[in-house]
Amino acid sequence: HHDHHESSGGHADLVRAAGACEITSELCQAHCQSMLAKGDTSLADCSRSVHEMMAGCSALMKLAAVNSTHLPAMAKLCSQILEDCKTACDKHEKHDECKACAKACAACIEECNKVAA
């Protein structure tokens, strides 16, 4: 299967998965911040891990899009960051935002593992 419109060196699925993580993480982070503002600190760890995941996935998406030589190393690192985020979000799966974020993390981990060093 060869797609002539593929500009990401065959990493379009990884770009999409990282982008999906960024979208769900924005919603999860907003939820965490809202809870923290109300004095509920139960999502503090989730908020921290989501913040780290957002940074990792932003870099991952950009490196995957340009088929960077650094992509395998970034995918390996990002997989670990995503795993931490998923673990934190899984603890709060009763919150739709956290559940969606954990699901997006799992999908992105799967894509990372295909290219990780």
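Residues numbered from 1 in each chain as written. Predicted model: local features only at pLDDT ≥ 70, side-chain atom pairs only at ≥ 80, totals over all residues. Heavy atoms only, no water.

Attention shifts here to the nonpolar core. Ranked by size, the top nonpolar core spans 33 residues in total, and within it M53, L60, L82, C89 and C108 carry the most contacts. Elements that contribute at least two residues to this core include exactly α1 (12-37), α2 (44-65), α3 (71-90) and α4 (96-115). Sort the elements by how many residues they give to this core and α4 lands first, with nine residues. Look past the residues within four positions of M53 in its chain and what remains in contact with it is C21, S25, I81, L82, C85, C101 and C105. (Core = buried A, V, L, I, M, F, W, Y, C linked by side-chain atoms within 4.5 Å. Buried < 20%, exposed > 50% of the residue type's maximum accessible area, 1.4 Å probe, protein only. Helix = DSSP H or I, 4+ residues; strand = E, 2+ residues; numbered from the N terminus. Contact = heavy atoms within 4.5 Å.)

Right, let's talk about α1 for a bit. In this model α1 runs 37 Å from its N-terminal to its C-terminal C-alpha over 26 residues, within 8% of the 38 Å that 1.5 Å per residue would give. Just downstream of α1, G39 is the residue with a positive phi angle, here 95 degrees. (Expected span 1.5 Å × (residues − 1).)

Within the structure shown, the criterion is met by zero disulfides. With no disulfide partner, C78 has as its closest neighbouring cysteine sulfur the one in C57, 4.1 Å distant. A relative accessible area of 0% means that C78 is categorised as buried. No disulfide involves C98; its nearest neighbouring cysteine sulfur is the one of C46, lying 3.9 Å away. Look at C98 and you get buried, because its relative accessible area is 0%. (Disulfide = S-S within 2.5 Å.)

In this section: the packing of α1 against α4. Direction vectors running N to C along α1 and α4 enclose 155 degrees, while the axes themselves pass 8 Å from each other. Relative to α4, the element α1 is oriented roughly antiparallel. Crossing of α1 against α4: the hand is left-handed. Facing α1, whose interface residues are D13, L14, A17, A18, A20, C21, T24, S25, L27, C28 and H31, α4 presents E97, C98, A100, C101, A104, C105, A107, C108, E111, C112 and V115. Broken down by class, the residue content of the contact of α1 with α4 amounts to 16 nonpolar, three polar and three charged. (Axes fitted to C-alpha atoms, helices over the stretch in contact; angles between N-to-C directions. Parallel < 35°, antiparallel > 145°, perpendicular 65-115°, else oblique. Left-handed = near helix turned anticlockwise from the far one by under 90°. Nonpolar A, V, L, I, M, F, W, Y, C, P; charged D, E, K, R; others polar.)

Averaged over every residue, the pLDDT of the chain is 91; residues scoring 70 or more account for 92%. Scored below 50 in pLDDT, residues 1-8 makes seven contacts in the model with residues more than four places away or belonging to other chains. (pLDDT = per-residue confidence, 0-100.)

The next subject is the packing of α1 against α2. Running from N to C, α1 and α2 point in directions that differ by 155 degrees, and their axes come no closer than 8 Å. When the axis of α1 is compared with that of α2, the two are roughly antiparallel. The way α1 lies across α2 gives a crossing that is left-handed. Residues of the contact of α1 with α2, tallied by class, amount to 17 nonpolar, seven polar and two charged.

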